[in-house]
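Results of the structural survey
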Amino acid sequence: MTTTTTAVLVPLLPFLGAAFGLLLGRRAPGFVRPLAVLPTLAAAALAVVVAVRQGGGAAVDAATELTPTGSVPIELALHIDGFAALVAVLVGTVATCVHIYSTGYLRDDPRYASYAALVSLFTSAMLLVVYSGDLMVLLVGWEIMGICSYFLVGHYWETEAARSASLKAFLVTKLGDVPFLFGLFALAADAGTFRITGILNAVAGGELHHPTLVALLLLAGVAGKSAQFPLHTWLPDAMAGPTPVSALIHAATMVAAGVYFIARLLPVFAASAAALVVLAVMAAVTMVGSALAALAQDDIKRVLAYSTVGQLGYMTGALAVGDRGAAVFHLLSHGAFKALLFLGAGVIIHAAGTNSLAAMSRMRGLSKRIPDAFWTVTVALLALAAIPPFAGFFSKEAVLGAAEHAAVGEAHLAFGGAHDLGSVPTAAGWTVLIAGLVTALLTAAYATRLWLLAFFGRGPQEAPDHGKQPLVMNAVLWVLFLPTAAFGIAAPALPDWFDGNELTPTLVTSVLGTGLALAGALIMYGAWRHTTAVAARAPLGAVAVDPDASPAVSEEEAIATHAAAYGDNAGAPDPADPGRLLLGPLHAPATRGFHLDAVYTALFVRPVRAAARLVRFLDREVVDTYVHGAGTGARWLGTAVRRAQTGNVQTYLGALLAGSLVLAVAAVLVATGTGA
């Protein structure tokens, strides 16, 4: 097969798996798991073949016109460069791991068939985004992912948390998609095409007339899809979905799509210095704010969710300083260790019977119950904290190194042979560098907190014994362990796949970043030692455990009983939480995401609901009044006419004579008046 044909099959196979999975899910349930795993596995293997053939060389381009539009054409196009080739391998690998893990995690779920089909469709949509060379086709995959996330986050629709989280995720991302769509149209109007290659050529030729407007409109969609400030609030709530879905969304699909989109079109954003500064500020606020929020969360999955928001902030920060190679490098390494963290969290939740870190801190011996999860998650947390020699260290240092170059004025905006677009604003460089270093400290702190509270509980009760976890779940953890531990060694080879910028760590940022990370870990450890004795004598409540339940059922029960068993962690002080000790008065607002949801409720939700109530009032009391009035008038007229129909011939003749007499008199009067 040619490279083009192979690339077409990569998104097509998961799509076919989803279609046949939905069709045969109830009629032939034995085919559901093979139809979920095998097409995705084949797509991952073909993505590797495409990456090997592309080899970091010239981009593979192919296109055919879908339909004449009379203006800007829409084409079914492929554009596979080094970025697309490697990201597709990540998507295929993580999706395959999620599918295999789900066969054990959701083995008793009655809705597994629809779940598996949606995961396959989700994967297909992301692969379409990755390989697409036309922005309108890319938009199709972009929106399909939004629909899939709505259904997957709401998989446990029996719980109120899942229903509200799925609706929130859908609405918040759509809020960003509206200006995103206008931005695509404005970009195509300036460039005269939706083809990515044509747009990049237009940028190189200086043909964009409104670069700042276009970039800011596109940034709104990216902020929603990639959960960046101020549209990040949906992602922590999306943890109400199954844990494998969280791994897929956070590691390789939806939230990665926005970062990848900017990387593909970075010359468009680089054409506007103002857009780069806005992107840098957005990244800085996202990084620091999400790290503070992660320090205060009690739900283990919400800690990881805010962690994702912050790591995406690193990626957008790298893009703001003009280094998309560093951004995609961190996207790749983050995809590996974050998938491992979420899938490991699923094992932890099943073993503990709860998603509450406060409850886990009162269990003894949890790490011994789940040794596979303990060791793999430990390494993943080290990668998250950017401790060498794990993958996260190399990719995060590439971001900080790029920010350092921009801060001192050494970063120039030139992409793939395009003419030099100038230097990166130093303000963007300093903003990203300072925020990145502060976040390195905070990231190590909340990673250490999660590790200590989850695995080193000092309470009076033993961790429940559910027996061994399903083999496929533990096997997937060790598969993801390999890139988490060793992907950093690929740093010297990656520039050939990207724009040629060096990705190896620099001395200054490596010393600062690693030093701050170690300081954050040590500070958290000291706080934990101070508070750990309290855990034994300040129990928070009973742990909701169902020893005979499958992992998915344990998670669903944990979500449903978390608030009832433990209350709001901000409103019920836990003296054994080292995060509360370190954050002090910031803890309460950090737990609630600094009240952004309350702000949005005041600014948007309440006005929209008030407007809806007004429209309902006008519809019922004004519009319906006219409609009912017209019907009532006709009914009254009909009643009057009906009463005249008596069936008496004499009455009819009398009425006829009376009418004739009236007409005759009227005629005489008219004639008399005319004659006068």
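Before any of the text, the structure's been laid out above.
Attention here is on the structure that accompanies the text. Keep in mind that what you see is a predicted model, and the values were worked out from it rather than measured. Numbering of residues starts from 1 in each chain and follows the order in which that chain's sequence is written. Restriction of local features to residues with pLDDT of at least 70 applies here, the model being predicted, together with a cutoff of 80 or more for giving and counting side-chain atom pairs; totals for whole chains, interfaces and linings are based on all residues. Side-chain figures throughout are based on the complete set of non-hydrogen atoms in the structure, without hydrogens or water.

1. Description of the packing of aromatic side chains
Within 6.5 Å between ring centres, the rings of Phe, Tyr and Trp (the latter by its six-membered ring) count as paired, and their orientation is classed by plane angle as stacked under 30 degrees, edge-to-face over 60, tilted in between. Scanning the entire structure with this criterion turns up 18 aromatic pairs. Here Tyr112 and Tyr115 contribute two aromatic rings whose centre-to-centre distance is 6.1 Å and whose plane-to-plane angle is 35°, an arrangement assigned as tilted. Of the two residues, Tyr112 and Tyr115 are both situated in helix α4 (residues 112-131); the distance of three residues between them amounts to about one turn of the helix. With a 1.4 Å probe rolled over the protein chains alone, any residue whose accessible area is under 20% of its type maximum counts as buried; one over 50% counts as exposed, and the rest are partly exposed. Since its relative accessible area comes to 4%, Tyr112 is described here as buried. When the ring of Tyr525 is compared with that of Trp528, the centres are 5.9 Å apart and the planes differ by 35°; the resulting orientation is tilted. Strands here are runs of E lasting at least two residues and helices are runs of H or I lasting at least four, both read from the DSSP assignment and numbered beginning at the N terminus.

2. Considering the environment of Tyr131
One can find Tyr131 in helix α4. For Tyr131, a relative accessible area of 1% gives the class buried. On a C-alpha basis, the gap between Tyr131 and His79 in space is 5.8 Å, while along the polypeptide they are 52 residues apart.

3. What about the nonpolar core?
Membership of the largest hydrophobic core comes to 200 residues, with the highest contact counts inside it found for Tyr131, Leu135, Trp234, Phe261, Phe269 and Phe498. Broken down by element, this core gets its largest block of residues, 18 residues, from helix α15 (residues 324-352). Those residues in contact with Trp234 that lie beyond four places of it in its chain are Lys168, Ala169, Val172, Thr173, Gly224, Lys225, Ala227, Ile249, Met254 and Val255. Put simply, a nonpolar core is a bunch of buried Ala, Val, Leu, Ile, Met, Phe, Trp, Tyr and Cys residues held in one set by side-chain atoms that sit within 4.5 Å of each other. Contacts are assigned to residue pairs that have any heavy atoms within 4.5 Å of one another.

4. Some remarks on the pattern of salt bridges
What makes a salt bridge here is a side-chain nitrogen of Lys or Arg within 4 Å of a carboxyl oxygen of Asp or Glu, nothing more. This model, assessed by the stated rule, comprises eleven salt bridges. Measuring nitrogen to oxygen at the nearest pair gives 3.0 Å for the salt bridge that ties Arg111 to Glu158. Residue Arg111 is located in the loop between α3 (82-105) and α4, and its partner Glu158 is located in the loop between α5 (135-153) and α6 (160-191); the two are separated by 47 residues in the primary sequence. Through salt bridges with shared partners, one network takes in Lys168, Asp237, Arg302 and Asp597.

5. Some thoughts on the pairing of strand β2 (residues 74-80)
Extensive coverage of β2 is indicated by the burial of five of its seven residues. Two strands make a pair as long as DSSP finds a minimum of two bridges between them. Where strand β1 (residues 60-67) lies against β2, seven bridges are found, and the strand directions are antiparallel. Its bridge partner lying in β2, Asp61 is registered against His79. Two successive antiparallel strands, β1 and β2, enclose a turn made up of six residues, where Gly70 displays a positive phi of approximately 85°.

6. Points about α3
Working rule for helices: expected span equals 1.5 Å times residues minus one. Relative to the 34 Å expected for 24 residues at 1.5 Å per residue, α3 spans 34 Å between its end C-alpha atoms, a close match to the ideal helical length. Counting buried positions along α3 gives 22 out of 24 residues, so the element sits mostly inside the fold.

7. Regarding a nonpolar patch on the surface
The patch calculation keeps residues exceeding 30% relative accessible area without a salt bridge and links them within 9 Å when they carry like charges or within 5 Å when they are nonpolar (Val, Leu, Ile, Met, Phe, Trp, Tyr). The method behind every accessible area is Shrake-Rupley, applied with a 1.4 Å probe, and residues are considered shielded solely by the protein chains displayed. Nonpolar side chains collect at one region of the surface, where Val8, Leu12, Phe15, Leu16, Phe20, Leu23, Leu24 and Phe31 lie side by side and expose about 710 Å² of accessible area between them. In this fold, Phe31 is placed in the loop between α1 (3-24) and α2 (32-54).

8. What about a positive patch on the surface?
Only four residue types enter the tally: Lys and Arg on the positive side, Asp and Glu on the negative side, with His and both chain ends excluded. For charged residues, the charge sits on one atom: NZ in Lys, CZ in Arg, CG in Asp, CD in Glu. On the surface, Arg609, Arg613, Arg616 and Arg620 cluster together into a positively charged patch. Classification of Arg620 as exposed rests on a relative accessible area of 53%.

9. Things to note about unusual backbone geometry
Across the junction of Phe229 and Pro230, the peptide omega takes the value 10°, indicating a cis bond. Among the structural elements, Pro230 can be located in the loop between α8 (211-225) and α9 (234-237). Note the cis peptide between Pro388 and Pro389, where omega equals 10°. If you trace the backbone, Pro389 turns up in the loop between α18 (371-384) and α19 (391-407). Positive phi, close to 55°, is recorded for Ala227, a residue that is not glycine. Structurally, the position occupied by Ala227 is in the loop between α8 and α9. Positive phi outside glycine occurs at Phe594, with the angle close to 55°. If you trace the backbone, Phe594 turns up in the loop between α25 (587-591) and α26 (596-644). On the basis of relative accessibility, which here comes to 31%, the residue Phe594 falls in the partly exposed class.

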